[in-house]
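So the chains spell out like this:
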Amino acid sequence: MIHSLFIINNSGDIFMEKHYKSVIHRNICDYFFEALAKCAKPEDIPAVISTPHHKLIVIYRKKLFFVSVVVNEVSPLFVIEILHRAVDIFEDYFNDCTEFTLKENFVIVYELLDEMLDNGFPLATESNILKELIKPPNIFRKVANMVTGDSNLSSTLPTVQLSNIPWRRQGIKYTNNEAYFDCIEEIDAIIDKNGSTIMCEVQGYIDCCVKLSGMPDLTLCFTNPRLLDDVSFHPCVRFKRWESEKILSFVPPDGNFRLISYHIESLNSVSIPIYLKHNIQFKEGSNGRFEVTFGLRPGLGKSVENVQLNAEMPKCVLNMSLTPTQGRYTFDAVKKTLVWEIGRIDPSKIPSIRGNVKILYVF
């Protein structure tokens, strides 16, 4: 499984490393730096980098690179999921996952990595189990540890590790019981100049914040669950009931977690709640014209907030002089990127932006 783990910042400094088997010298990261030098952006780094004797599996989150070294044959997606889970645990413990927070809590970081992976294999990846093993840091605990010389490690094993429901501990009590579900969808679509959808795909997930006493058993139903494809569940979901009834039945973890992620293909009849009409003209020997209208589909009946439109312009564009009916825009002449911050869109108003484009003449 995972042989070693290196955490690298944007400057290329390896400020933290963890070895689960024999020590692998950090020179192995030279292959990573060579691949990074060929990328225009840090996000473009390949997920898998081959070396003569090892494989490097990389993720980039919070402006940090998490580089794992594997020797034997292993599923890359499995390792990538473990790395993302590690970052989620760091965020849960420290409220953020930056170079500063990891250095400030490096002892707890190493303790978490020790408990999450045993000899490079995943062991305890649930936040509830880890919080019983390793207490989250706070000011009073830090002061007490400095005085007494104790650590954040618990002297007893967690009660839920041998339970049928390891993601939820016993004896949870709240004065106010509440549960929140956020359905977040990212739409990838191709729209023609008349506003008609040519292709559309949706990547969605449901994030939950559950604060309920005892051992609750919840049920969640979808209006049309057969549209969902490539579904990935949290371990708390009863998969057999989903297969037979298409109903999510689960005993939720305590706190924040991702219940389900899914994909909706373009073959399904997906109706986009927004429409976009554009008229972009670049004429040789003269300036261009740029016009975009953005609105909501009839029948939506709700306003949309925090809308932002990004447009990548060709290199021949020198400047853009536009007039928006709502919000404001900025044009980066170096990156050739137009950003139109629309804000809140009311169904009764249709925002638009139009103007002239200054083009570089090439003789």
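These numbers were taken from a predicted model, which means no experiment stands behind them. (Residues numbered from 1 in each chain as written. Predicted model: local features only at pLDDT ≥ 70, side-chain atom pairs only at ≥ 80, totals over all residues. Heavy atoms only, no water.)

A. Structural view of the overall build of the protein chain. Looking only at helices and strands, the protein chain has 7 helices and 20 strands in total. Within the span of the protein chain, comprising 363 residues, buried residues form 38% of the whole. Counting only contacts in the protein chain whose residues sit at least 6 apart along the sequence, the fraction spanning at least 24 positions is 59%. (Helix = DSSP H or I, 4+ residues; strand = E, 2+ residues; numbered from the N terminus. Buried < 20%, exposed > 50% of the residue type's maximum accessible area, 1.4 Å probe, protein only. Contact = heavy atoms within 4.5 Å.)

B. Examining the sheet that holds strand S13 (residues 255-264) more closely. Across the sheet, 4 strands lie side by side as S8-S9-S13-S11; this open sheet has antiparallel pairing. Only two strands of the sheet have a single neighbouring strand rather than two, namely strand S8 (178-191) and strand S11 (229-233). The sheet shows a mean angle of 15° between the axes of neighbouring strands, direction not considered. Where strand S9 (residues 197-211) and S13 come together, 9 bridges link them in antiparallel fashion. Bridge assignment links Cys-208 to a residue of S13, and that residue is Phe-257. (Pairing = 2+ DSSP bridges. Axes fitted to C-alpha atoms, helices over the stretch in contact; angles between N-to-C directions.)

C. Highlighting unusual backbone geometry. Despite not being glycine, Asn-119 shows a phi value in the positive range, around 60°. Residue position: Asn-119 is located in the loop between strand S6 (117-118) and strand S7 (121-122). For Asp-230, which is not a glycine, the phi torsion comes out positive at approximately 50°. Position of Asp-230 among the secondary structure elements: in strand S11.

D. Layout of the pattern of salt bridges. Per the counting criterion, the structure on display carries 14 salt bridges. Between Asp-217 and Arg-238 there is a salt bridge, and its shortest N-O distance comes to 2.8 Å. Placement of the pair is Asp-217 in the loop between S9 and strand S10 (218-220) and Arg-238 in the loop between S11 and helix H7 (239-245), with a sequence separation of 21 residues. If you follow the salt bridges from partner to partner, you end up with Arg-61, Lys-62, Asp-88 and Glu-91 in one network. (Salt bridge = Lys/Arg side-chain N within 4 Å of Asp/Glu carboxyl O.)

E. View of the nonpolar core. The biggest cluster of nonpolar side chains holds 36 residues, and the ones touching the most others in it are Phe-66, Val-79, Phe-90, Tyr-93, Phe-94, Leu-102 and Leu-112. Broken down by secondary-structure element, the contributors of at least two residues to this core are strand S1 (2-9), strand S2 (14-19), strand S4 (55-61), strand S5 (64-70), helix H2 (76-94), helix H4 (106-116) and helix H5 (127-133). Take this core: its biggest share by element is 10 residues, from H2. Residue contacts for Tyr-93: discarding those within four places in its chain leaves Ile-108, Leu-112, Leu-130, Lys-131, Ile-134, Lys-135, Pro-136 and Pro-137. With 20 residues, the next largest nonpolar core counts Val-210, Leu-212, Cys-236 and Ile-260 among its residues. (Core = buried A, V, L, I, M, F, W, Y, C linked by side-chain atoms within 4.5 Å.)

F. Representation of the sheet that holds strand S19 (residues 337-345). The antiparallel open sheet is built from 3 strands, whose spatial order is S16-S19-S18. Among the strands making up the open sheet, the edge pair consists of strand S16 (304-312) and strand S18 (328-332). Looking at each pair of strands side by side, their axes are set apart by 15° on average, direction ignored.

G. Structural context of the side chain of Lys-336. Positionally, Lys-336 belongs in the loop between S18 and S19. One buried charge, Lys-336, has no salt-bridge partner; the nearest side chain with opposite charge is Asp-332, at 8.0 Å. Only 3.0 Å separates the side chain of Lys-336 from the backbone oxygen of Ala-333, close enough to count as a polar contact. (Lys, Arg positive; Asp, Glu negative; His and termini not counted. Polar contact = N/O pair within 3.5 Å; in protein donor to acceptor, adjacent residues only side chain to side chain.)

H. Expanded view of the pairing of S5. Summarising burial for S5: 7 of the 7 residues are buried, a large majority. Residues of S5 alternate between two faces, with Leu-64, Phe-66, Ser-68 and Val-70 on one and Phe-65, Val-67 and Val-69 on the opposite face, all of them buried. Sheet analysis places S1 next to S5, joined by 7 bridges and oriented antiparallel. When the sheet's bridge partners are listed, Asn-9 is paired in S5 with Leu-64. Direction of pairing for S4 relative to S5: antiparallel, over a ladder of 7 bridges. Residue pairing across strands places Val-58 opposite Val-67, the latter belonging to S5.

Fair warning: the whole summary comes from geometry, so function is off the table for now.
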